[in-house]
Amino acid sequence: MRPRMASDSQRPEAAPAGNARPRRVLVLGATGTIGQATTLALVARGHEVVCFVRARAGVRGRLAPADNAQRLAGASLRVGNLTDPESWMRDAFRGEAFDGVVSCLASRTGAPKDAWAVDHGVHQLALAASKAAGVPHFVLLSAICVQKPVLAFQQAKLAFEQELIASGLRWSIVRPTAFFKSLSGQVERLRRGKAFLVFGDGRLTACKPISDGDLAEYLADCLDNTARHDRVLPIGGPGEAITPRQQGERLFELLGRPPRFQQVSPAFLDAIIGVLTVAGRIVPALADKAELARIGRYYATESMLVLDQATGRYDAAATPSTGSDTLFDYYARLMNGAALPERGDHAVF
Ligand SMILES: NC(=O)c1ccc[n+]([C@@H]2O[C@H](COP(=O)([O-])OP(=O)(O)OC[C@H]3O[C@@H](n4cnc5c(N)ncnc54)[C@H](OP(=O)(O)O)[C@@H]3O)[C@@H](O)[C@H]2O)c1
């Protein structure tokens, strides 16, 4: 059965619940980009927020519990092992009642083994523990790209989405478009005088970028906004869809330089994928690199917009928008030093 999509009914978005009642919420993935923003949004609404985190968190384990306490001010932290079923009851739930679980947890690398272990496996443990603890509502941060599941991490996410839908719990599955951090990787290249890299002519794809803060508010609203209950929710940021070429043009405008693009053919990535796939049969680490190249190719050729399954075309008009932060304002803040670029484990450029 196809899950109900928010866009199916063209229902107007209800206003964020200003009178949301205080809830007790367990947040997963709170040490990540969206998890941190969501934790702070929930705290700001007056909810009692508990974050279940690992002892060493952040990109390559750079964050100790004291760092997390500072970054997640207002929430309580519980440290445990999310891959251990016993740790969920002992360290996370501790026999206490929660009104909801909000998960922004995801594999940091996107490599197949990691994705199945985290996006699917850890979430299965979280769901089983949530049911055992009597949690009524599970809010899941997913990704819009699972609508065309080609890559292992997309299949792992989709498999868990289906288990959540069938779980009997109230659920909200949020599938956002591209994050600002994923569209800012070339700022330093351009500052160093290099060209902006595009696949094809830079107009092969488009997205409606969404800021961390706007997505966090959207996720927090899922608890009280009944229009977001038992729904798959594709969501983008404000304004028109933007192509990579437009991103480059705006960055050059902010730098006060004429735009300069270097075009890369997606066929170049195909060649790399072919070589790494063959080599990966002998050296397993290269198989992971092949998957990362496949991820790069996917984003080089697929838009982060709602896909019309009947026509196979991406549809910007059918992609709902939320919030007020724009990518171009963020670029301006990056350029004047008011915002800092964030790089993850799997930055492509
Ligand atoms: N980037 C985009 O443009 C984009 C667009 C749409 C959707 N998305 C999706 O949005 C989601 C969140 O993205 P994000 O950028 O916020 O992710 P992120 O910064 O990489 O954070 C991932 C979180 O998951 C936790 N985690 C990973 N493996 C774990 C494990 N084994 N045990 C416990 N915790 C673990 C991390 O904890 P540690 O700090 O302990 O590592 C961290 O809190 C992902 O599912 C992604 O696919 C991304």
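Everything below is about the structure printed above this text.
As the structure is a computational prediction, the values presented were derived from the model and not from experiment.

1. So, the packing of helix α8 (residues 244-255) against helix α11 (residues 327-335)
Working step 1: Where α8 contacts α11, the axes come no closer than 10 Å and their chain directions differ by 40 degrees. Seen from above, α8 lies across α11 with right-handed handedness. Here α8 contributes Gln246, Gln247, Arg250, Leu251, Leu254 and Leu255 to the contact with α11, which in turn contributes Leu327, Phe328, Tyr331, Ala332 and Met335.
Working step 2: Grouping the amino acids of the contact of α8 with α11 by side-chain chemistry returns 8 nonpolar, 2 polar and 1 charged.

2. Points about the site of the ligand
Working step 1: Residues in close proximity to the ligand total 26 residues, the closest being Thr31, Gly58, Arg108, Lys157 and Lys181.
Working step 2: Thr31 is positioned such that a nitrogen or oxygen atom in its side chain is 2.6 Å from an oxygen atom of the ligand.
Working step 3: Here an oxygen atom of the ligand sits 2.9 Å away from a polar atom, N or O, in the main chain of Ile34.
Working step 4: Partitioning the shell around the ligand into residue classes produces 13 nonpolar, 8 polar and 5 charged.

3. Focus: unusual backbone geometry
Working step 1: Here the phi dihedral of Arg60 falls at roughly 50 degrees; this positive angle occurs in a residue that is not glycine.
Working step 2: Checked against the element boundaries, Arg60 lands in the loop between β2 (48-53) and α2 (65-71).
Working step 3: A residue is classified by how much of its surface remains accessible, and Arg60, at 59% relative accessible area, is exposed.

4. Overview of the environment of Ala195
Working step 1: Secondary-structure assignment places Ala195 in the loop between α6 (187-191) and β7 (196-199).
Working step 2: By relative accessible area, Ala195 is classed as buried at 5%.
Working step 3: Taking the C-alpha atoms as reference points, Ala195 and Ala132, 63 residues apart in sequence, are found 54 Å from one another.
Working step 4: Apart from residues lying up to four places away in sequence, Ala195 is in contact with Gln186, Arg189, Leu190, Phe252, Arg260, Phe261 and Gln262.

5. With respect to helix α10 (residues 284-301)
Working step 1: The first and last C-alpha atoms of α10 sit 26 Å apart over 18 residues, in line with the 26 Å expected at 1.5 Å per residue.
Working step 2: All of the buried residues along α10 are Ala290, Glu291, Ala293, Ile295, Gly296, Tyr298 and Ala300.
Working step 3: Considering only its buried residues, α10 is in contact with α4 (112-132), α5 (152-165), β7, α9 (266-280) and β11 (313-315).

6. Examining the packing of aromatic side chains
Working step 1: This model, assessed by the stated rule, comprises 8 aromatic pairs.
Working step 2: Seen from their ring centres, Phe180 and Tyr330 are 5.2 Å apart, and the 40 degrees between their planes marks the pair as tilted. One end of the pair, Phe180, is in the loop between β6 (170-176) and α6; the other, Tyr330, is in helix α11, and 150 residues separate them in sequence.
Working step 3: Tyr330 sits in the buried class, given a relative accessible area of 11%.
Working step 4: Residues Tyr298 and Tyr299 carry aromatic rings whose centres are separated by 5.5 Å and whose planes lie at 80 degrees to one another, so their mutual orientation is edge-to-face.
Working step 5: Of the aromatic side chains, those joined through ring pairs into one cluster are Phe196, Phe252 and Phe261.
Working step 6: Sitting over the face of the ring of Phe98, Arg24 holds its NZ or CZ atom 4.3 Å from the ring centroid.

7. Overview of α8
Working step 1: Over its 12 residues, α8 runs 17 Å from end to end, which matches the ideal 16 Å to within 8%, given 1.5 Å per residue.
Working step 2: For α8, the complete set of buried residues consists of Arg245, Gln247, Gly248, Leu251 and Phe252. In an axial view of α8, the angular spread of the buried residues amounts to 160 degrees, which keeps them on one side of the axis.
Working step 3: Taken together, the buried residues of α8 touch α6, β7, β9 (261-264) and α11.
Working step 4: Gly256 sits one or two residues past α8 and shows a positive phi near 70 degrees.

8. Regarding the pairing of β2
Two faces make up the sheet, and in a regular strand the side chains alternate between them.
Working step 1: The element β2 is extensively covered by neighbouring structure, given that 5 of its 6 residues are classed as buried.
Working step 2: Strand direction decides the pairing type here: strand β1 (residues 24-28) and β2, joined by 5 bridges, are parallel. In the sheet register, Leu28 faces β2, and the bridge partner there is Phe52.
Working step 3: Viewed along the sheet, the connection from β1 through helix α1 (residues 33-44) into β2 turns out right-handed.
Working step 4: Here 4 bridges tie β2 to strand β3 (residues 76-79), and the two strands are oriented parallel to one another. For Phe52, the partnering residue across the bridge sits in β3 and is Arg78.
Working step 5: Read as a crossover between parallel neighbours, the route from β2 over α2 to β3 is right-handed.

9. Some points on the nonpolar core
Working step 1: Counting residues in each nonpolar core, the largest one holds 30 residues, and the members touching the most others are Phe196, Leu251, Met304, Leu327, Tyr330 and Tyr331.
Working step 2: When contributions to this core are tallied by element, the ones reaching two or more residues are α5, α6, β7, α8, α10 and α11.
Working step 3: Top element by residues in this core is α11. It accounts for 6 residues.
Working step 4: Apart from residues lying up to four places away in sequence, Leu251 is in contact with Val187, Leu190, Phe196, Tyr331 and Met335.
Working step 5: Core analysis: the next-biggest nonpolar cluster, separate from the first, contains 28 residues, Val53, Ala216, Tyr218 and Leu233 among them.

Procedures and definitions
- Residues numbered from 1 in each chain as written.
- Predicted model: local features only at pLDDT ≥ 70, side-chain atom pairs only at ≥ 80, totals over all residues.
- Heavy atoms only, no water.
- Axes fitted to C-alpha atoms, helices over the stretch in contact; angles between N-to-C directions.
- Helix = DSSP H or I, 4+ residues; strand = E, 2+ residues; numbered from the N terminus.
- Left-handed = near helix turned anticlockwise from the far one by under 90°.
- Contact = heavy atoms within 4.5 Å.
- Nonpolar A, V, L, I, M, F, W, Y, C, P; charged D, E, K, R; others polar.
- Near = heavy atom within 4 Å.
- Polar contact = N/O pair within 3.5 Å; in protein donor to acceptor, adjacent residues only side chain to side chain.
- Buried < 20%, exposed > 50% of the residue type's maximum accessible area, 1.4 Å probe, protein only.
- Expected span 1.5 Å × (residues − 1).
- Phe/Tyr/Trp six-rings, centres within 6.5 Å; stacked < 30°, edge-to-face > 60°.
- Lys NZ or Arg CZ within 6 Å of the ring centre and 35° of its normal.
- Arc of directions from axis to C-beta.
- Pairing = 2+ DSSP bridges.
- Right-handed = clockwise from strand over helix to strand, strands pointing away.
- Core = buried A, V, L, I, M, F, W, Y, C linked by side-chain atoms within 4.5 Å.

Honestly, that's just the spatial picture; any functional story needs more than this.
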